[in-house]
Amino acid sequence: MLSYRHSFHAGNHADVLKHTVQSLIIESLKEKDKPFLYLDTHAGAGRYQLSSERAERTGEYLEGIARLWQRDDLPAEFEPYMSAVAHFNRTGQLRYYPGSPLIARQLLREQDSLQLTELHPSDFPLLRGEFQKDSRARVERADGYQQLKSKLPPPSRRGLILIDPPYEIKSDYQAVVQGISEGHRRFATGTYALWYPVVLRAQIKRMLKELEATGIRRILQIELAVRPDSDQRGMTASGMIVINPPWKLEQQMATALPWLHKTLVPSGTGHTTLSWVVPE
Ligand code: SAM
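All values derive from a computational prediction rather than experimental measurement.

Things to note about the confidence of the model for the protein
(1) Moving on: For the protein, per-residue confidence averages 97 on the pLDDT scale, and 100% of positions sit at 70 or higher.
(2) Moving on: Scoring of the predicted complex yields 0.98 for pTM and 1.00 for ipTM.

Remarks on the site of the ligand
(1) Moving on: Every one of the 20 residues lining the ligand counts as a neighbour, but His19, Glu118, Asp143, Gly144 and Asp164 are closest to it.
(2) Moving on: Between a nitrogen atom of the ligand and a side-chain N or O atom of Asp143, the distance comes to 2.7 Å.
(3) Moving on: Between the ligand and the protein, one listed contact pairs a nitrogen atom with a backbone N or O atom of Gly144 at 2.8 Å.
(4) Moving on: Starting from 610 Å² of accessible surface for the ligand in isolation, the protein chains cover 95%.
(5) Moving on: For the shell around the ligand, the residue count by class is six nonpolar, nine polar and five charged.

Details of the side chain of Thr263
(1) Moving on: Note on placement: Thr263 falls in helix H9 (residues 249-264).
(2) Moving on: Owing to a relative accessible area of 7%, Thr263 belongs among the buried residues under this scheme.
(3) Moving on: At 2.7 Å, the side chain of Thr263 and the backbone oxygen of Trp259 are in polar contact.
(4) Moving on: If we ignore the near neighbours within four places in the chain, the residues touching Thr263 are Arg67, Leu68 and Arg71.

Conventions we followed
- Residues numbered from 1 in each chain as written.
- Predicted model: local features only at pLDDT ≥ 70, side-chain atom pairs only at ≥ 80, totals over all residues.
- Heavy atoms only, no water.
- pLDDT = per-residue confidence, 0-100.
- Near = heavy atom within 4 Å.
- Polar contact = N/O pair within 3.5 Å; in protein donor to acceptor, adjacent residues only side chain to side chain.
- Areas by Shrake-Rupley, 256 points an atom, 1.4 Å probe, with all protein chains shown as cover.
- Nonpolar A, V, L, I, M, F, W, Y, C, P; charged D, E, K, R; others polar.
- Helix = DSSP H or I, 4+ residues; strand = E, 2+ residues; numbered from the N terminus.
- Buried < 20%, exposed > 50% of the residue type's maximum accessible area, 1.4 Å probe, protein only.
- Contact = heavy atoms within 4.5 Å.

Shown next, in the form of structure tokens:
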């Protein structure tokens, strides 16, 4: 089942959180000259037009990236993320939103490499087109979870693995834990960043319990809720689970997260979470 299209949601509050965290991890990896791999298991189309019928229909970006765009009081933690977004909007008008692979493309260096997978028959060619001239990137129409077995560890023994499934099938909540466990067995020192939506809190509690049961350590949870938990339909919050976060990330998010909440949710509903699921 591949009915999910990210173009309806691009640039929403969940993307802003996810891509801020992604950008900060990439910037930390760049502090050493040694190359690293950026592996994106569920890469999406790459570029999203915010004036498209799909984006306009939901208007989600208006309560996401549009609230940060052209603000002059952004904390320094947002600089790499916003510089990547600005690259795709050089006229100064917010028209395009770069997805995770394009944010990585902007931030990575010559010596780094990208491994991207996407299964959707319409999104895959769009993604491949974006990287046609980029010799650092390998783009495949393949199952993202499989990459955690076949592409790890990277030759450089350094890397960020972003796992961002649509969770349109319930088994994704188990598949991500299984995939991380397999990846971690092969490449224990990599940084893994898993995105999750909070639709039903019980699903996330179960996923975290299963993750804890793998025995993996150094698991940081970063969550931004725009509304309180609910048993009604719809996403009330989203978060990132980061395994082996760069040492600065917790401190950076301690500044960025409250600011983001205040900026994205002027009414003040919801909450933020920054805590260790499993410490050192
Ligand atoms: N990571 C992207 C970003 O931040 O810009 C968004 C990705 S979107 C949430 C999830 C994508 O996963 C969809 O484009 C969907 O087609 C794709 N997908 C679903 N199942 C997949 C699988 N097993 N392997 C690879 N891609 C898959």
